[in-house]
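Chain residues, written in single-letter form:
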Amino acid sequence: MEKKDIKSLFPQEVEQQLIELGQPKFRAKQIVSWLHEKRVNSFDEMTNIPLALRRVLEEHYYINSLTIVRKLESKLDGTVKYLYELSDKNCIEAVLMKYKYGNTLCISTQVGCRMGCRFCASTLAGLVRSLKPSEMLDEIYTAVQDTGERVSNVVLMGIGEPLDNYDNVVRFLRLLSMPEGYNLSLRHLSLSTCGVVDKIHRLAEEDLGLTLSISLHAPNDSIRSQTMPINNRWGVDELMKACRDYFDKTGRRISFEYALIDGVNDEPCHAQELAKRLRGMSAHVNLIPVNPVKERGFKCGSRQKIEGFQHMLTKLGVNATIRRELGADINAACGQLRREYMKEEEEEQC
């Protein structure tokens, strides 16, 4: 009999499972509290649950947990980069960033990624598998336990494409925000997508209240298709329409990520074209100096060029900021630590 992932169940589902096992349903509230408030890693720690019931639970379910296999802390700004090991020995990354308004954790949603964006290290080895809701929750719970501090903001911008793991991600979001659990308002959560248009339309219907962040990185199809294969499925016009529909449905302002790649998408003509694309939208552009990935060869332009791009967007009526670079001394860009670790493991096995 294959055990079930109890941490990925909603309280009402735990209650129903108990009824089917011939157990009193009121125990569900206690079990959920142990899992999501006290965050225990074994049924034996649930001390107000009768021993007989603990044995039944152990027979039918498992409690997921992660292991920190590497932790890097920036001496510049306190940013912490975690390499977590999953139960199947696969690894993922999370990055904890400290701001005056609280701690933000950037988490992964998949082991690897199949989207193939050419400036991203996460896609180099392809997609291994998608994460379960409990595994995404545990990225947060483990960071909280390690630091002793609450994570007040969550960003789904680590390894993987969240909307390529749609059902698990939506379940994770509802578990994260439930009053019986971590109780994080999803207004403090941002979901980043490279532009899975059909799932953007579905997400608009979920009524979650989160911030949608679009990895745009180009003002037109010609440039975007060179660096982002998904643009061959849904072009910029179709993506922009989905974004406008999302705003009309949810009333939530959309953020656009734009990685500036020297000589590719960072000239004044590109800023003008981007501003034209976004005209009339309630949007914010987050300019990102592209992180160098050895296998790709991309680099960012000078600080002066980056600031000039921002100034032109602002002049043309677009709200644009340059992302503050955190964890520069620990390679905080997603995918790099996992890739280094994988190479080390391969070398040890040779």
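Please refer to the structure placed before this passage.
About the criteria used
Residues numbered from 1 in each chain as written. Predicted model: local features only at pLDDT ≥ 70, side-chain atom pairs only at ≥ 80, totals over all residues. Heavy atoms only, no water. Helix = DSSP H or I, 4+ residues; strand = E, 2+ residues; numbered from the N terminus. Rg over C-alpha atoms; globule rule 2.2 N^0.38 Å. Buried < 20%, exposed > 50% of the residue type's maximum accessible area, 1.4 Å probe, protein only. Contact = heavy atoms within 4.5 Å. Lys, Arg positive; Asp, Glu negative; His and termini not counted. Charge placed at Lys NZ, Arg CZ, Asp CG, Glu CD. Right-handed = clockwise from strand over helix to strand, strands pointing away. Pairing = 2+ DSSP bridges. Axes fitted to C-alpha atoms, helices over the stretch in contact; angles between N-to-C directions. Core = buried A, V, L, I, M, F, W, Y, C linked by side-chain atoms within 4.5 Å.

Peer 1: Residue-level account of the overall build of the chain, with values.
Peer 2: Secondary structure assignment for the chain yields 11 helices and 14 strands. Taking 2.2 N^0.38 as the reference for a compact globule, 350 residues should give roughly 20 Å; the C-alpha atoms of the chain span a radius of gyration of 21 Å, in line with that estimate. Overall size of the chain, expressed as C-alpha extent along the three principal axes, is 70 × 50 × 40 Å. By residue count, 54% of the 350 residues in the chain fall in the buried class. Counted over contacts in the chain with a minimum sequence separation of 6, partners at least 24 positions apart contribute 67%. In the chain, 48 side chains carry a positive charge and 48 a negative one; their mean positions are 4 Å apart.

Peer 1: Could you give an account of the pairing of strand β10 (residues 189–193), with specific residues and numbers?
Peer 2: Among the 5 residues in β10, 5 count as buried, and that is most of the element. Side chains of β10 alternate between two faces, with L189, L191 and T193 and S190 and S192 buried alike. On the question of chirality, the crossover connecting strand β9 (residues 151–156) to the parallel β10 by way of helix α5 (residues 166–177) is right-handed. Relative to strand β11 (residues 211–215), β10 is paired through 4 bridges, and the arrangement is parallel. Pairing of S190 across the sheet is with T211, part of β11. Handedness of the β10-helix α6 (residues 197–204)-β11 crossover: right-handed.

Peer 1: Give a detailed account of unusual backbone geometry, specifying residues and quantitative values.
Peer 2: Of note in this structure, R39 is not a glycine but carries a positive phi near 55 degrees. Residue position: R39 is located in the loop between α2 (27–36) and α3 (51–60). A relative accessible area of 26% places R39 in the partly exposed class. Positive phi outside glycine occurs at H217, with the angle close to 65 degrees. Here H217 lies in the loop between β11 and α7 (221–227). H217 gets classed as buried once you look at its relative accessible area, which sits at 5%.

Peer 1: So what about the sheet that holds strand β4 (residues 80–85)? Which residues, and what values?
Peer 2: Judged by pairing direction, the sheet is mixed, and its 10 strands sit side by side in the order β3-β4-β5-β6-β9-β10-β11-β12-β13-β14 without closing on themselves. In this open sheet, the two strands that pair with only one neighbour each are β3 (67–73) and β14 (319–322). The mean angle between the axes of side-by-side strands here comes to 25 degrees, regardless of whether they run parallel or antiparallel. Helix α8 (residues 236–250) contacts β11 and β12 (254–260) of the sheet and is inclined by roughly 150 degrees relative to β12.

Peer 1: Lay out the nonpolar core with the relevant residues and their values.
Peer 2: In this structure, I140, F256, V285 and L313 are the most contacted members of the largest nonpolar core, which totals 101 residues. In terms of residue count, the dominant contributor to this core is α5 (7 residues). For L313, the contacting residues outside a window of four places in its chain are A271, L274, A275, V285, L287, V318 and A320. Listed in part, the 5 residues of the second largest apolar core include M97, C106, V155 and L326.

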